[in-house]
Amino acid sequence: MNKSLRDWRVWGALAGLLLLPAVPALAAQDEHERAEAAFGDKDAFEEGEGREESWQIEQRQLWFERTRDLRANPDAGRERAGAVQKLQLDRRSKDPQLQLTGETWGPIGPSSMSMTDWIMGRVAGRINAITPVPGNEDTVYIGSAAGGVWKTTNAGASWTPIFDQVGTLPVGAVTLDPNNVNTVWVGTGDKNGGGCAGYFGQGVFVSTDAGATWNARNGSGANTMPLSIVNAVAVQPTDSNVILAGGAGTCSATGTLSGAGVFRSADGGATWTRVLSTNVEDIVFVPGTNTVYAGLINTGVSKSTDGGATWTNVSTGLNAAGSRLRLAMSPSDSNTLYALQGARLYRTTDGGANWSQTNTGACEGQCTYNLTVSVHPTDPATILLGTIRHFRSTNGGTTLTAMTSSWGTSQKVHQDTHVVRYSASNPNRFWVGTDGGIWRSDDGGLSYVNMNANLNITQFYDIAVHPNDVNIVFGGAQDNGSSGRRTSLQWGLTFASGDGFMNVVDPSNPSRVFQTSYPSSNLPSIMRSEANGSLGSYEMVPRAGLTASSTFPWVTPLAAAGNLLFTSSNTLYRMPTNGSSWTAVSPNMGSAASVVTPQLIGVLMPTYVGTSGGRIYFSPDASIPTPTFTNVTGDYPGGIVSDVAMDPTNAQRVFITRSGFGASRLYRSTTGGTTWAAVGTGLPNVPANSVAIDPLNTNRVFVATDIAVYESTDGGDNFTAFSAGLPLGVVVMDLEIDDVPHVLTAGTYSRGAWRVVLSTSAANAPPTPDFTVATNDLTATFTSSAIDFDGSVTGYSWNFGDGSPASTQPNPVHTYAAYGAFTATLTVTDNGGANASFSRVVRLFAPPVPLTNGVTIAGQSAAQNDELRYTLVVPPGATNLSFVTTGAAGEDADMTVLLNDDVVCESAGATANETCTIPNPPAAGTYFISVLAYTALTNQAMTGTYTAPDRIFGNGFEP
């Protein structure tokens, strides 16, 4: 196992934006450690592969804009809004027909994602707004970055999506009318999408029935509220007809956001007037009055005493220069406000007449991405502040204390904090919203409740479906790495990285799985698992044979056919799926490849490559030693090629999708690319992202777009909406289709993965085995979660991996004879006689070895991935507590120290020598020490040391 890929130790990367924070004043780790946490690869960082988070933010934004050519289409937002309106009308007639045939989409998760033993618990996606209902804080609304508005009425035990039929899913603000909590205002658009990437937003919407129904409130004509990225909505406490909405503007012809400002309506959103011309993130009314404050980015704080009709700048003493400014008011003293501008924190106690700077290092990093502040309900001097982690101050921001530990298994809350929200009535309660979802504390931050439950707000770039089992799906997501599922709506982490991208299951050996992350050093980062994609099983695929190039794109293409794997910059590379070296097999194609599609037809492997420059290349057989790739762009008019689909029996018949506006989004060739015909009547004028051909009826073609899935039954000539069950306007990035069972699976960039059963399969699909195991000393309790797609599981056979007889019980209990690691295998049989098997490693650990103060235990050994475990009892009054483990050269171990199940220290170097020093005074109690073997350990030693308290003079000279 490669140390660089220790998945469960490097969740710090899952923000996707963690490397080298710009202002590390609050950081608990130095830059080297932080970069290592993000990449999970010390060696790679030492070779210069670390990148600042600004690069990742920029690349994500540029990827989204370029793949849609948004900077050349200033009307993209209006085009998309119009397309969604037409889709809504079309679905009113088409959805009932699809429901009658049973072709309705259903979600397959992630219904949040399992983090194994991480203290933070399950992880969802990025949260932009948290709004509890005053007087009933079991009811909470959240606004997600791309997955709409969700509501809980049971304090987060479960959630319901309530914005799915509006037509836009990115949410920047959720506000309750202070005079009627059943009236909910929502501002759409995602400020962290960046620039024109925020083109999804469609202004503001209101519900007067607690989210059951919604109506747009954006005015019309000269009285329109034109913002596509709305960061704040505020309702005047003395008049619910007065609404203020502010945000970043709309995408202009120059490819930048313009028209930012604050708009005011005095008639409940029927008409609007611009009252400020600056981007704003927070608009705050003084309770019970028409006095309101706005935090204006790069300008300062403005105040209005007439409900926002006129404004006065109140920024004396406040340096507002910068790209972010967050504003919060004290609920118990409306004259006390805080302004957070990057790393600078300001406070006013006189309603904005004068500001004083209380902290110059108030940002742990990524100040342009994650920034938020909230004030305690009864103490104006106590605040919560969020950047990467969330912090608390009890002295007006002068000092800040981290509320959760740095990157590692002891994180109580996912990092990259976008929202902190104090309760209005309970001083000990607050909520935290991050890149990983939502958490709540009811005891002032001592402990946290994970509220992610069934939130399905994952932004997938790509998915892959197991070639023999449609229940097994892998995905790569923005902010939340790579994950997979077998039988549950709750997915599991497979590979920890910032963003996860492409996914491939080896068709020649499906236990081999590939997933990718950020390119580094102008080379792709491709990971390979030989163990069904399970967590901790990934190794970096060697880069030998690849030529470093800036043309390896952010989402680097990856595809497999037969036993060959392909990736590409402006040159296509190939290697065996079990190989260690790449071979260039194409000429320079002029620009980066955007999609690679090989397909095994008989003994040949016809392969198409589409590029970001609008070219198309074809080889009749990419599997031969020296394949020939020919430019077959022909009369294709240009534009980024987002996907290619070949007829499963005829490589000369091929479809390509175009990611852009204006020209056709679908082209068809029946001559292997020598000529292309624009087809797809009925497809909307929005980017098309994927195309799939039904293998059981090749005249049936499906296209995924930025608003929906569409279907053709006449070979691609004409299309109608095929989105019954999907959220209206959902961005569908990828389509995968299977014949047995006959299923179409979609990966969305907002709401996880979905699938629809196309018809009853002619053949029986095998069952999907899966199980969990709980251990207690030598006894293991096995629980099957096997399912069968088209029938039922009727038989079980358990091999416990220790030579004992097999069990046929569904959920057996087995006692092993010795400690160690055993590979248990479950084989299940369905009612059609098909069977399948799945294995997991069961680890049984011997009781921990008690340590004696200062005494070394030497000569310890452990197999790779096993643990050496110890305990040390530390008495009250002890000082200078430390733990040291040493081992042989060339071996590698990591050490974790826990007290009362809380991690108090982690040491993860590149050798078998690790040290943990516990700050004075250490808490008394029994410390648990785990030494994890990243390689086999042959001669490991462990020492725990503390300075014992002075028993004689501990109480001075008193008797």
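Fair warning: this is a prediction, and the values are worked out from it, not measured in the lab. (Residues numbered from 1 in each chain as written. Predicted model: local features only at pLDDT ≥ 70, side-chain atom pairs only at ≥ 80, totals over all residues. Heavy atoms only, no water.)

Engineer: Let's hear about the overall build of the protein chain: which residues, and what values?
Structural biologist: Of regular secondary structure, the protein chain possesses four helices and 73 strands. Against the 2.2 N^0.38 benchmark of 30 Å for 959 residues, the protein chain shows a C-alpha radius of gyration of 29 Å, consistent with a compact globule. Once the C-alpha set of the protein chain is aligned to its principal axes, its extents read approximately 100 × 80 × 50 Å. Long-range pairs, those at least 24 residues apart, make up 56% of the contacts in the protein chain with a sequence separation of at least 6. Summing over all exposed atoms, the protein chain offers an accessible surface of approximately 32,700 Å²; the carbon and sulfur share of this is 49%. A gap of 5 Å separates the mean positions of the 52 positive and 77 negative side-chain charges of the protein chain. (Helix = DSSP H or I, 4+ residues; strand = E, 2+ residues; numbered from the N terminus. Rg over C-alpha atoms; globule rule 2.2 N^0.38 Å. Contact = heavy atoms within 4.5 Å. Areas by Shrake-Rupley, 256 points an atom, 1.4 Å probe, with all protein chains shown as cover. Lys, Arg positive; Asp, Glu negative; His and termini not counted. Charge placed at Lys NZ, Arg CZ, Asp CG, Glu CD.)

Engineer: Which residues make up the pairing of strand S37 (residues 513–520), and what values do they have?
Structural biologist: For S37, a buried count of eight out of eight residues is recorded, marking the element as mostly surrounded by other parts of the structure. With six bridges connecting them, S37 and strand S38 (residues 523–529) associate as antiparallel partners. Within S38, the residue paired with Gln515 across the bridge is Met527. Hairpin remark: S37 followed by S38, antiparallel, with two residues in the connecting loop; positive phi at Ser521, about 55 degrees. (Buried < 20%, exposed > 50% of the residue type's maximum accessible area, 1.4 Å probe, protein only. Pairing = 2+ DSSP bridges.)

Engineer: I'd love a proper account of the environment of Ser792, names of residues and values included.
Structural biologist: Structurally, Ser792 is set in the loop between strand S60 (779–784) and strand S61 (793–799). Take Ser792: its relative accessible area is 35%, and that puts it in the partly exposed class. For the pair Ser792 and Pro767, spaced 25 residues apart in sequence, the C-alpha to C-alpha distance is 7.8 Å. In this view, Ser792 contacts Thr829, Asp830 and Asn831; residues no more than four positions away in its chain are not counted.

Engineer: So, the sheet that holds strand S1 (residues 106–109): which residues are in play, and what are the values?
Structural biologist: A sheet is described by the order of its strands in space; here four strands give the open sequence S1-S58-S57-S56, paired in antiparallel fashion. At either end of the open sheet lies a strand with only one pairing partner, and these are S1 and strand S56 (732–738). With direction set aside, neighbouring strand axes in the sheet form an average angle of 30 degrees. Pairing analysis gives six bridges linking S56 to strand S57 (residues 743–748), with the strands arranged antiparallel. What sits directly across from Leu735, in S57, is Ala746. (Axes fitted to C-alpha atoms, helices over the stretch in contact; angles between N-to-C directions.)

Engineer: Now, about the sheet that holds strand S8 (residues 180–188): what can you tell me, with residues and values included?
Structural biologist: Read from one edge of the open sheet, four strands run S7-S8-S9-S10, paired in antiparallel fashion. Here the strands that pair on one side only, and so sit at the sheet edges, are strand S7 (171–177) and strand S10 (215–216). Strand direction decides the pairing type here: strand S9 (residues 204–207) and S10, joined by two bridges, are antiparallel. Bridge pairing in S10 places Phe205 opposite Ala216.

Engineer: Report on the environment of Thr404, specifying residues and quantitative values.
Structural biologist: Structurally, the position occupied by Thr404 is in the loop between strand S27 (401–402) and strand S28 (417–422). Sequence separation between Thr404 and His414 is ten residues; the distance between their C-alpha atoms is 9.2 Å. Discounting chain neighbours no more than four positions away, the residues touching Thr404 are Arg389, His390, Ser410, Gln411, Lys412 and Val413. Within polar-contact distance, the side chain of Thr404 engages the backbone nitrogen of Lys412 at 2.9 Å. (Polar contact = N/O pair within 3.5 Å; in protein donor to acceptor, adjacent residues only side chain to side chain.)

Engineer: Let's hear about the side chain of Ser569: which residues, and what values?
Structural biologist: Locating Ser569 in the fold gives a position in the loop between strand S41 (564–568) and strand S42 (572–576). If we ignore the near neighbours within four places in the chain, the residues touching Ser569 are Ser549, Thr551, Phe552, Met589, Ser591, Ala592 and Ala593.

Engineer: Go over the state of the cysteines with me, naming the residues and quoting the values.
Structural biologist: Tallied over the entire structure, the rule returns two disulfides. Each disulfide pairs two cysteine sulfurs, and for Cys363 the partner residue is Cys367, the sulfurs being separated by 2.1 Å. Around the S-S axis, the bridge from Cys363 to Cys367 shows a dihedral of about -115 degrees and counts as left-handed. With a relative accessible area of 0%, Cys363 lands in the buried category. (Disulfide = S-S within 2.5 Å.)

Engineer: Tell me about the pattern of salt bridges, and please be specific about residues and values.
Structural biologist: In the structure shown here, the tally under the stated rule is 29 salt bridges. Residue Glu137 pairs with Arg429 through a salt bridge whose shortest N-O separation is 2.9 Å. In this pair, Glu137 sits in strand S4 (residues 136–144) while Arg429 sits in the loop between S28 and strand S29 (430–434), placing the two residues 292 residues apart along the sequence. In this pair, the class of Glu137 matches that of Arg429, namely buried. Each of Arg60, Arg126, Asp190, Asp435, Asp479 and Asp499 takes part in salt bridges that share partners, so that together they form one network. (Salt bridge = Lys/Arg side-chain N within 4 Å of Asp/Glu carboxyl O.)

Engineer: If you had to explain helix H4 (residues 76–101) to someone new, which residues and values would you point to?
Structural biologist: Every α-helical turn comprises 3.6 residues, leaving residues that sit three or four positions apart pointing alike. Of all the bends in H4, the greatest, near 45 degrees, is centred on Arg91. Taken residue by residue, H4 has Ala76, Arg80, Ala81, Ala83, Val84, Leu87, Arg91, Lys94, Asp95 and Leu98 as its buried positions. Buried residues along H4 sit against strand S54 (709–712) and strand S55 (720–721). One or two positions beyond H4, positive phi appears at Gly102, with a value near 80 degrees. (Bend = angle between axes of the 7 residues up to and from the residue.)

Engineer: Which residues make up the confidence of the model for the protein chain, and what values do they have?
Structural biologist: Looking at the protein chain as a whole, its pLDDT mean stands at 91, while 93% of the residues score no less than 70. With pLDDT under 50 throughout, residues 1–51 is counted as low confidence; its partners more than four residues away or in other chains account for 190 contacts. Contacts for the low-pLDDT stretch residues 953–959, under 50 throughout, to residues beyond four places or in other chains number zero contacts. (pLDDT = per-residue confidence, 0-100.)

Engineer: Please set out the packing of aromatic side chains residue by residue, giving values where relevant.
Structural biologist: In this structure the tally under the stated criterion is 31 aromatic pairs. When the ring of Tyr816 is compared with that of Phe822, the centres are 4.5 Å apart and the planes differ by 25 degrees; the resulting orientation is stacked. Across the pair, exposure class does not vary: Tyr816 and Phe822 are buried alike. Members of the aromatic cluster, connected to one another through ring pairs, are Trp63, Phe64, Tyr199, Phe200, Tyr461, Phe501, Tyr518, Trp554, Phe661 and Tyr749. Stacked on the ring of Phe771, the Lys or Arg Arg840 has its end atom at 5.9 Å from the ring centre. (Phe/Tyr/Trp six-rings, centres within 6.5 Å; stacked < 30°, edge-to-face > 60°. Lys NZ or Arg CZ within 6 Å of the ring centre and 35° of its normal.)

Engineer: Can you break down the pairing of strand S32 (residues 460–466) residue by residue, with the values?
Structural biologist: Taking burial as the measure, the seven residues of S32 include seven buried ones, the bulk of the element. As defined by bridge partners, S32 adjoins strand S33 (residues 469–477) across six bridges and the pair is classed as antiparallel. Looking at the pairing, Asp462 lines up with Gly476 of S33. Once S32 ends, the chain turns through two residues before running back antiparallel as S33.

Engineer: Go over the side chain of Gln236, please, and point to the residues and values.
Structural biologist: Mapping Gln236 onto the fold places it in the loop between strand S11 (229–235) and strand S12 (243–251). Owing to a relative accessible area of 6%, Gln236 belongs among the buried residues under this scheme. Filtering out sequence-adjacent residues up to four positions away, Gln236 remains in contact with Pro178, Asn179, Val242, Phe285, Thr289, Asn290 and Gly307.

Engineer: Give me the environment of Ile526: which residues, what numbers.
Structural biologist: With respect to the helices and strands, Ile526 occurs in strand S38. Distance from Ile526 to Val541, taken between C-alpha atoms, is 5.5 Å for residues 15 residues apart in sequence. For Ile526, the contacting residues outside a window of four places in its chain are Phe514, Gln515, Thr516, Glu539, Met540, Val541, Leu558, Thr567 and Trp582.

Engineer: Summarise unusual backbone geometry; cite the residues concerned and give the values.
Structural biologist: With the exception of glycine, most residues fall at negative phi, and the peptide bonds are largely trans. With an omega of -10 degrees, the peptide bond running from Val740 to Pro741 counts as cis. Asn920 connects to Pro921 through a cis peptide bond whose omega is -10 degrees. Within the secondary structure layout, Pro921 lies in the loop between strand S71 (914–917) and strand S72 (925–933). Of note, the phi angle at Ser112 is positive, near 65 degrees, even though the residue is not glycine. Its location among the elements puts Ser112 in the loop between S1 and strand S2 (113–114). Using a relative accessible area of 1% as the deciding quantity, one classes Ser112 as buried. The phi angle at Asn900 is positive, at roughly 55 degrees, despite the residue not being glycine. Summarising the element assignment, Asn900 is placed in the loop between strand S69 (893–899) and strand S70 (902–907). A relative accessible area of 64% places Asn900 in the exposed class.

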